[in-house]
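Okay, here's what each chain looks like letter by letter:
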Amino acid sequence: MTSVKAAILGFGTVGQGIYNIVHERREHFKQTLGVEIEVAKILVRDASKVREGIDSSLFTESFDDILAIPDLEVVFEGIVGEDPAYGYLDQAIEKGCHVITANKVMFARYGQELQLKAKKKGVQVGYEATTAGGVPVIKTMQNLLRVNEVKQVQGILNGTSNYILTQMRAEELPFDVALKAAQDLGYAEADPHNDVSGEDAFRKLMILCALAFGEQPDWNKVEVVGIDGISSEQVEEAKAQGLRYRHVADAYRDEATGEIIAKVGPQLVGADHPLYAIDDVNNAVTLDTNYIGTLTMVGPGAGMYPTASVMMEDYADMLAKPEKAVSLA
Ligand code: NAP
Ligand code: HSE
């Protein structure tokens, strides 16, 4: 049995999910992957915080302690923001570790660099969890791009926004109460501004653009509107007319100019629209392709286990295909 050493960066919703799955599925991973995964260290901002039931010696506030782990194989990253996350993953790759991230704010900006560096170092980058939570949009797109071209990407990419809009409509909850519930459920960002302002969906859309089209649009040209301007009265009025608010991210390549056109914002949809029925924390991603046609994936877009599960699946892929990068550089 091969024993592999893993480090987890961050021990909030995502980091705890990774830790729990590693321990709950220990026997399963031994049998199916042929490895025993050992969480060797966990990086947090405040190592003195009491974390029930976990050996406190696992926690550190110093990334040097992570780099010092002998034979470190893989780093799971679930911290917040561009910095220092990018620097940490850059150093982990430099050391020869696989990295698996849920951090879309960082990955939208630095994903390309990390993937290029990983390719040079012969390690892999997993980023399924950055976009649409438990919906396997990255792997599906990597697979279909081997044959197809993607013409358009469209969907609901923020679970918190969809959850809030659903609660405002179905339960007639005020915005703030619905947001608090999304925070309690672990769906919202540490600073939920990114969720409700559209910034989170924007970053995810940029990650999808990089994969689908090989490039991102000029960020300054992308119109980004959140759900924070939608009132209870507007939701009620729409409901009375048989309409629902959805927060939609959309990108396509303009055939005439070759430019990527992207925008993010609320839309009112009727019962005949494919996003009408997508409620709660669910995300939906529709890919318009040349050979397959139109493909839609739906599933939980946020939360501890959907997110941690796809990160572990990234690692399982790395073990299964060590010669083939999970990421497309
Ligand atoms: P969270 O609950 O706020 O937890 C963040 C964790 O990261 C905390 O343990 C915190 O340490 C640690 N941390 C933050 N900044 C740090 C730094 N500079 N150095 C060391 N540790 C740091 O966040 P989360 O919901 O788990 O999300 C983590 C990441 O995954 C974010 O990038 C988020 O956008 C992404 N994501 C989240 C979800 C979800 O459903 N929640 C889904 C997909 C992706 P302390 O505990 O000491 O404060
Ligand atoms: N806060 C994010 C959301 C987490 O609600 O979609 C998943 O990326």
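Thresholds applied
- Residues numbered from 1 in each chain as written.
- Chains lettered and ligands numbered in written order.
- Predicted model: local features only at pLDDT ≥ 70, side-chain atom pairs only at ≥ 80, totals over all residues.
- Heavy atoms only, no water.
- UniProt positions renumbered as here; feature names shortened; annotations may be inferred.
- Helix = DSSP H or I, 4+ residues; strand = E, 2+ residues; numbered from the N terminus.
- Contact = heavy atoms within 4.5 Å.
- Phe/Tyr/Trp six-rings, centres within 6.5 Å; stacked < 30°, edge-to-face > 60°.
- Buried < 20%, exposed > 50% of the residue type's maximum accessible area, 1.4 Å probe, protein only.
- Lys NZ or Arg CZ within 6 Å of the ring centre and 35° of its normal.
- Axes fitted to C-alpha atoms, helices over the stretch in contact; angles between N-to-C directions.
- Parallel < 35°, antiparallel > 145°, perpendicular 65-115°, else oblique.
- Left-handed = near helix turned anticlockwise from the far one by under 90°.
- Near = heavy atom within 4 Å.
- Polar contact = N/O pair within 3.5 Å; in protein donor to acceptor, adjacent residues only side chain to side chain.
- Areas by Shrake-Rupley, 256 points an atom, 1.4 Å probe, with all protein chains shown as cover.
- Pairing = 2+ DSSP bridges.
- Domains from an automatic or database assignment.
- Buried area = accessible area lost by both parts, 1.4 Å probe.
- Salt bridge = Lys/Arg side-chain N within 4 Å of Asp/Glu carboxyl O.
- Nonpolar A, V, L, I, M, F, W, Y, C, P; charged D, E, K, R; others polar.

### With respect to the UniProt feature "binding site: NADP(+)" (unreviewed entry) in the protein chain
In this numbering, the UniProt entry assigns the feature "binding site: NADP(+)" (unreviewed entry) to G10, F11, G12, T13, V14 and G15. Note on placement: T13 falls in helix α1 (residues 13–24). The residues contacting T13, other than those within four sequence positions of it, are G186, G303 and M304. Looking at the secondary structure, you find V14 in helix α1. Other than its neighbours up to four places away in sequence, V14 contacts G78, A102, T307, A308 and M311.

### Remarks on the packing of aromatic side chains
What the rule picks out here adds up to eight aromatic pairs. Measuring from centroid to centroid gives 6.1 Å for F76 and Y315, while their planes differ by 80°, and the two rings are edge-to-face. Here Y315 lies in helix α12 (residues 304–320) and F76 lies in strand β4 (residues 72–77), a separation of 239 residues in the sequence. On the basis of relative accessible area, F76 is assigned to the buried category, the value being 2%. Here the aromatic residues F11, Y19 and F59 are joined through ring pairs into a cluster of three or more. In this arrangement the basic side chain of R51 is found over the ring face of F59, its NZ or CZ atom lying 5.1 Å from the centre. A cation over a ring is seen here: R244 above Y276, with NZ or CZ 3.9 Å from the ring centre.

### What to know about the packing of helix α5 (residues 104–121) against helix α10 (residues 199–213)
Running from amino to carboxyl end, α5 crosses α10 at an angle of 30°, the nearest separation of the two axes being 8 Å. Here α5 is positioned roughly parallel relative to α10, judged by the angle of their axes. Crossing geometry of α5 relative to α10 is assigned as left-handed. Of α10, the residues touching α5 (which contributes K104, V105, F107, A108, R109 and Q112) are D200, R203, K204, M206, I207 and A210.

### Structural notes on the site of ligand 2
Near ligand 2 the following residues occur: K104, N158, G159, T160, Y187, A188, E189, D195, D200, K204, G301 and A302. Note that an oxygen atom of ligand 2 is positioned 2.8 Å from one of the side-chain N or O atoms of K204. The protein chains hide 93% of the 260 Å² of surface that ligand 2 would expose on its own. If you list the elements that add at least two residues to the shell around ligand 2, you get α7 (159–170) and α10.

### Considerations on the site of ligand 1
Around ligand 1, the structure places 24 residues, and the nearest of them are F11, D46, I79, E189 and G303. Contact distances for ligand 1 include 3.2 Å between an oxygen atom and a backbone N or O atom of G12. Note that a nitrogen atom of ligand 1 is positioned 3.0 Å from one of the backbone N or O atoms of G186. Coverage of ligand 1 by the protein amounts to 89% of the 900 Å² it exposes when considered alone.

### Topic: the sheet that holds strand β8 (residues 223–224)
Reading across from one edge, β8-β10-β9-β7-β11-β12 is the order of the six strands in this open sheet, with mixed pairing throughout. Single-partner strands in this sheet number two, and they are β8 and β12 (294–300).

### Digging into the domain arrangement of the protein chain
When the domains of the protein chain are assigned, the result is domain 1 (2–133 + 305–320) and domain 2 (138–302). Listed as interface residues are 20 residues of domain 1 and, on the opposing side, 22 residues of domain 2. Taking both partners together, domain 1 and domain 2 bury about 1,700 Å²; carbon and sulfur atoms supply 58% of that area. Where domain 1 meets domain 2, there are six salt bridges. With its nearest N and O atoms 2.8 Å apart, the salt bridge here joins R203 to E82. Linking domain 1 with domain 2 are nine residue pairs in polar contact (both at pLDDT 80 or more). Considered class by class, the residues forming the side of domain 1 that touches domain 2 number seven nonpolar, six polar and seven charged.

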